[in-house]
Structures are given as structure tokens and as C-alpha cells.
Amino acid sequence: MAPEAPHTLFASDNAAGVHPAVLEALVAANQGHALAYGADAWTARATAQFRDLLGVDAEVVFTWGGTGANVVGLQCLLAPWQAVICPASAHIAVDECGAPERFTGCKLIDVPTEDGKLRPEQVERELHGVGDEHHVQPRVVSITQSTEMGTLYSPAEIAALADVAHANSLLLHVDGARIGNAVAALDEDLRRVIVDPGVDVLTFGGTKNGLMYGEAVVFVDPALGVNAHFVRKQAAQLPSKMRFVAAQFEALLSDDLWLRNARHANAMAALLAERIAPIDGVELLHPPQVNAVFARVPAAALAPLADWSFFWVWDQEQSVVRWMCSFDTTEADVERFAAGVAEIVAAHR
Ligand SMILES: Cc1ncc(COP(=O)(O)O)c(C=O)c1O
């Protein structure tokens, strides 16, 4: 019989609940009336916090969700004959039901990569049709930090992509659904990972890092976000009671909660990797860089493992799984999960 399952899921950082400080901030914001659509004190304060973190007067707009944030950010940068160069594994390319294409009207040029990371030479290879009316015109390079494959760009790698983009009149968009995990893992600050390397637009994720819901789109150069409010409304991403999104961000950005949450999730992934690496039959694909662990397990163990403690199989053909840790994953959860993996794999080799 398998041991007791952990109390949290390793399926996704989206499976976690809300950080208590964020929930408290929601309750505290539930006092009296405040004007809707962002004309409230919480939105002003959270916006100021973002500007402080970045060290620039960015335009910041809050949205309901991550797909919506990507749509709003990208649409502000694009005309329908233009295109976005992104890794083939990008969330915008595979997991957003075509929303970026539908809203922007633009083609995504999705480039296969080994590790979810785009390289400058791959961007350059996609520029052959520039100026030719028969080709879409690349206008945006979009990367994810940290990536869907649990990898990280260094600030220098981001700068190299920004340089090649800007040299060719393109802009650099970063899907930062997990930007906290990235900044924590790099032991940097947001400015050095985003502003200094030359990122133009960042979506800053909250939901995977302790919020109930809510993301922010950050236009480092506010001129790029001049139409963001109109675009957001058309994209159905304007929360009327904005104070409840902003209050969550205010809590997340206070006392480095976003970094503390992310650091913890990353540390739990490191511990999980340490525990599962020695298990016979389990192959750790690479040491985790952020909060995701990728491992190969015997094919016969996939279903029994997921029946015991649910997760999604990352690559059925390769028998590869992705296990993710959250801000509230405990060491006891990790120990229990690793013990269950050892037992179930031993029984299904
Ligand atoms: C890399 C990335 N971008 C964006 C999102 C946002 O998705 P959602 O629209 O579900 O909030 C996710 C969620 O899984 C993601 O992993």
C-alpha cells in the first residue's frame, strides 16, 4: 500500500491557495466604498511599488489573468501584419487557445528550442522577410522567465536578446508568470533582470506566487502602454473592483513577500530533486533552476503515481513528469511525496 499522500499537490503552482497575508489584505480592502476601475488608493500604491522596484516610471495595468496580461501587453505593441518570435514551448504559443493570435491578429513564429530558451541567432534567422510585403513583419520577441521548462535566462542572456531585437526595430516582451521564481533564483532584483537588460514589456505574475488572482502588465517605457487602458477593456481584462487586485499586489510586493514565496518554492524543488535523484528507476533530467522538477519515471509507474498524488505527465512518449512546488509546499510534503515515489516506482519497474 502506498504511503499517505502529501497534503499539497505537486501538479502546479496554480494548485496552491492564497497566501495568508494576501487574504488579509483582501479583507482589509473590504472597507467602505472606493471608486472602481483603478481610481482607488490601492491601485495607486501598488503602481508606485512597481515603479520603485523597477526604478523607472513604468506604465502598470492590472489584469485578471496571465493569458489576458499577455494579450494586453502584446496587443499594445503590434499591428496585424506583424509577428511575434517566441520559443515553440511558450505559453502564448501552446497554452492560450490562440488568444494572442486572435486578439492581435498576428502570427506567432514559434521556434523549437532544446530548453525553452530562445537564442539571439534564432531571432536573427527569422528576420529574412523584413521589408517584403509577402511576409509578416517580426515586431516582438517574446520569452518566458522562468521558462515553461523550468529554465532561466541570465540578465546577460536577456540583454543579448534585447540587443538583437532593438538592433532590428523589434521589442522584447517577457511573460513573467513566474518572474518571482526567476528573480529569486538569480538572487537579483527586478531592475537588474528586466530594466537594465532592456526588456520593453513584462507581465508580472501574481497568481502562481500567492495571489487569489491577478497579474500586472508593466510597460517599462510608458509610451509603449499609451493605449493599454483601451486594449485592456476590449480584451475584457479590466476588473471593475480593481482595489481587490491591487490590494493583493500591495501585500505581495511588501516586505519582499513575492521573493520570499518564490525562494521557498524554489528551495522545495531543490529538496525534492535531492530526494528523488537517488531513487532507482527515477532519472532527474536536470537540477531544478526554479520551482519545477523534471524527471523520467518508468512508464508503468505514471498512472499509479498520478492516481496516488495527482500531477500531469509532461511528455508521455518520454515518460517525463513535471512536479512543481509552491509557496506553501512544506518539507514534510516533499518527504512524503518522495517516499511515495520511491515505493510506487519500486512496485512498477
Ligand atoms: C508561462 C505562463 N504564462 C502565462 C500563464 C497564465 O495563464 P492563465 O491565463 O491561466 O493565468 C501561465 C499559467 O500557467 C504560464 O505558465
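Along each chain, residue indices are assigned from 1 in the same order as the chain's sequence is written. Selection of residues for local features in this predicted model requires a pLDDT of at least 70, selection of side-chain atom pairs for listing and counting requires 80 or more, and totals for whole chains, interfaces and linings are taken over all residues. Only hydrogens and water are removed before side-chain values are computed, so all heavy atoms of the structure are retained for them.

## Regarding the nonpolar core
In globular proteins that are soluble, nonpolar side chains generally tend to be buried together. Worth spelling out the cut-off: By convention a nonpolar core is built from buried Ala, Val, Leu, Ile, Met, Phe, Trp, Tyr and Cys residues, the set being connected through side-chain atoms within 4.5 Å. Burial classes follow relative accessibility: with a 1.4 Å probe on protein chains only, a residue under 20% of its type's maximum area counts as buried, one over 50% as exposed, and anything between as partly exposed. The helix count covers DSSP runs of H or I at least four residues long, the strand count covers runs of E at least two residues long, and both are numbered beginning at the N terminus. Here the limits of each domain have been adopted from an automatic or database domain assignment. Contacts: residue pairs with any heavy atoms within 4.5 Å of one another.
Counting 57 residues, the largest nonpolar core has Phe50, Phe62, Ile143, Leu190, Ile194, Phe204 and Phe249 as the members making the most contacts within it. At 8 residues, the largest contribution of residues to this core is made by helix α11 (residues 243–253). Two domains each provide a minimum of three residues to this core, namely domain 1 (20–255) and domain 2 (257–347). Aside from chain neighbours lying at most four places away, what touches Phe249 is Ala46, Gln49, Phe50, Phe62, Phe204, Gly206, Leu211, Gly214, Glu215 and Ala216. Within the second largest apolar cluster, 28 residues are counted, among which are Met268, Ala269, Val293 and Trp323.

## Structural notes on a nonpolar patch on the surface
Spelled out, the test is: Within this analysis, patches are made of residues with over 30% relative accessible area and no salt bridge. Like charges are joined at 9 Å or less; nonpolar side chains (Val, Leu, Ile, Met, Phe, Trp, Tyr) at 5 Å or less. Per-residue accessibility takes into account occlusion by the displayed protein chains alone, with areas from the Shrake-Rupley method and a 1.4 Å probe. Every case where a carboxyl oxygen of Asp or Glu lies within 4 Å of a side-chain nitrogen of Lys or Arg is listed as a salt bridge.
A surface patch of nonpolar side chains, amounting to about 320 Å² of accessible area, comprises Leu9, Phe310 and Trp312. With respect to the element layout, Phe310 can be found in the loop between α13 (299–308) and β10 (313–315).

## Some words on the pairing of strand β9 (residues 292–296)
Where we set the bar: A pair of strands is labelled paired if DSSP reports no fewer than 2 bridges between them.
Most of β9 sits inside the fold, with 4 of its 5 residues counted as buried. Examined bridge by bridge, strand β8 (residues 283–284) and β9 share 2 bridges and lie antiparallel to one another. By the bridge assignment for β9, Glu283 is matched with Arg296. As defined by bridge partners, β9 adjoins strand β11 (residues 320–324) across 5 bridges and the pair is classed as antiparallel. Following the sheet pairing, Ala295 is matched in β11 by Val321.

## A word on the domain arrangement of the protein chain
Here is the rule we go by: Buried area: the accessible area, evaluated with a 1.4 Å probe, that two parts lose upon being put together, summed over both parts. By the criterion applied in these results, polar contacts are pairs of N or O atoms within 3.5 Å in which, for protein atoms, one can donate a hydrogen and the other can accept it, and in which residues neighboring in sequence qualify only through two side-chain atoms. Think of it as three bins: nonpolar holds Ala, Val, Leu, Ile, Met, Phe, Trp, Tyr, Cys and Pro, charged holds Asp, Glu, Lys and Arg, and polar takes everything else, Gly as well.
Per the domain assignment, the segments making up the protein chain are domain 1 (20–255) and domain 2 (257–347). With centres defined by C-alpha atoms, the gap from domain 1 to domain 2 works out at 28 Å. Opposite the 26 residues of domain 1 that make contact, domain 2 presents 19 residues. Considering only the surface of domain 1 that becomes buried against domain 2, Gly150, Asn181 and Asn209 emerge as the three largest contributors, covering 25% of it. Between domain 1 and domain 2 we count 0 salt bridges in total. The tally of links from domain 1 across to domain 2 stands at 10 residue pairs in polar contact (both at pLDDT 80 or more). The set of elements that each furnish at least two residues to the side of domain 1 that touches domain 2 consists of α1 (20–29), α8 (179–186) and α11. With 7 residues, the single largest contributor to the side of domain 1 that touches domain 2 is α8. Here the side of domain 1 that touches domain 2 is composed, by residue class, of 15 nonpolar, 8 polar and 3 charged.

## Examining the pattern of salt bridges
According to the stated counting rule, one finds 11 salt bridges in the structure shown. A salt bridge links Asp115 to Arg119; its shortest N-O distance comes to 2.9 Å. Beyond isolated ion pairs, a larger network of salt bridges with shared partners links Glu274, Arg275 and Glu335.

## A short note on the packing of aromatic side chains
As a reminder, the rule being used: Two aromatic rings, drawn from Phe, Tyr or Trp (for Trp, its six-membered ring), form a pair once their centres lie within 6.5 Å of each other, and the interplanar angle then sorts them: stacked below 30 degrees, edge-to-face above 60, tilted otherwise. Whether a charge sits over a ring depends on NZ of Lys or CZ of Arg being within 6 Å of the ring centre and within 35 degrees of the ring normal.
As enumerated under the stated definition, the model contains 13 aromatic pairs in all. Between Phe204 and Phe249, the aromatic rings sit 6.2 Å apart at their centres with planes inclined by 65 degrees, giving edge-to-face as the arrangement. With Phe204 in strand β6 (residues 201–205) and Phe249 in helix α11, the pair connects residues that are 45 residues apart, well separated along the chain. Take Phe204: its relative accessible area is 1%, and that puts it in the buried class. Measuring from centroid to centroid gives 5.3 Å for Phe204 and Trp258, while their planes differ by 55 degrees, and the two rings are tilted. One end of the pair, Phe204, is in strand β6; the other, Trp258, is in helix α12 (residues 257–276), and 54 residues separate them in sequence. Each member of the aromatic cluster is reached from another via a ring pair, and the members are Phe10, Trp308, Phe311, Trp323 and Phe337. Over the aromatic face of Phe103 sits the side chain of Arg102, whose NZ or CZ is 6.0 Å from the ring centroid. Over the face of the ring belonging to Tyr153 we find Lys117, whose NZ or CZ atom lies 5.6 Å from the ring centre.

## Let's talk about the sheet that holds β10
For the record, the criterion: Interaxial angle, 0 to 180 degrees, is taken between N-to-C directions of lines fitted to C-alpha atoms, where a helix line uses only the stretch in contact.
Read from one edge to the other, the open sheet built from 4 strands follows the order β8-β9-β11-β10, with strand pairing classed as antiparallel. This sheet does not close on itself; its edge strands, each paired only once, are β8 and β10. On top of the sheet, α12 reaches β8, β9 and β11; it is set at about 20 degrees to β9, its chief contact.

## Re the sheet that holds strand β2 (residues 82–87)
Taken in spatial order, the 7 strands make up an open sheet running β1-β7-β6-β5-β4-β2-β3, and their pairing is mixed. In this open sheet, the two edge strands, each paired with only one partner strand, are β1 (59–63) and β3 (107–111). Strand-to-strand twist of the sheet, defined as the mean angle between neighbouring strand axes without regard to direction, takes the value 20 degrees. Examined bridge by bridge, strand β4 (residues 137–144) and strand β5 (residues 171–176) share 5 bridges and lie parallel to one another. Within β5, the residue paired with Ser142 across the bridge is His173. Of the strands in this sheet, β1, β2, β4, β5, β6 and β7 (215–219) are in contact with helix α3 (residues 66–75), which crosses β7 at around 20 degrees. Sheet contacts for α11: β1, β6 and β7; angle to β1, the most-contacted strand, approximately 115 degrees.

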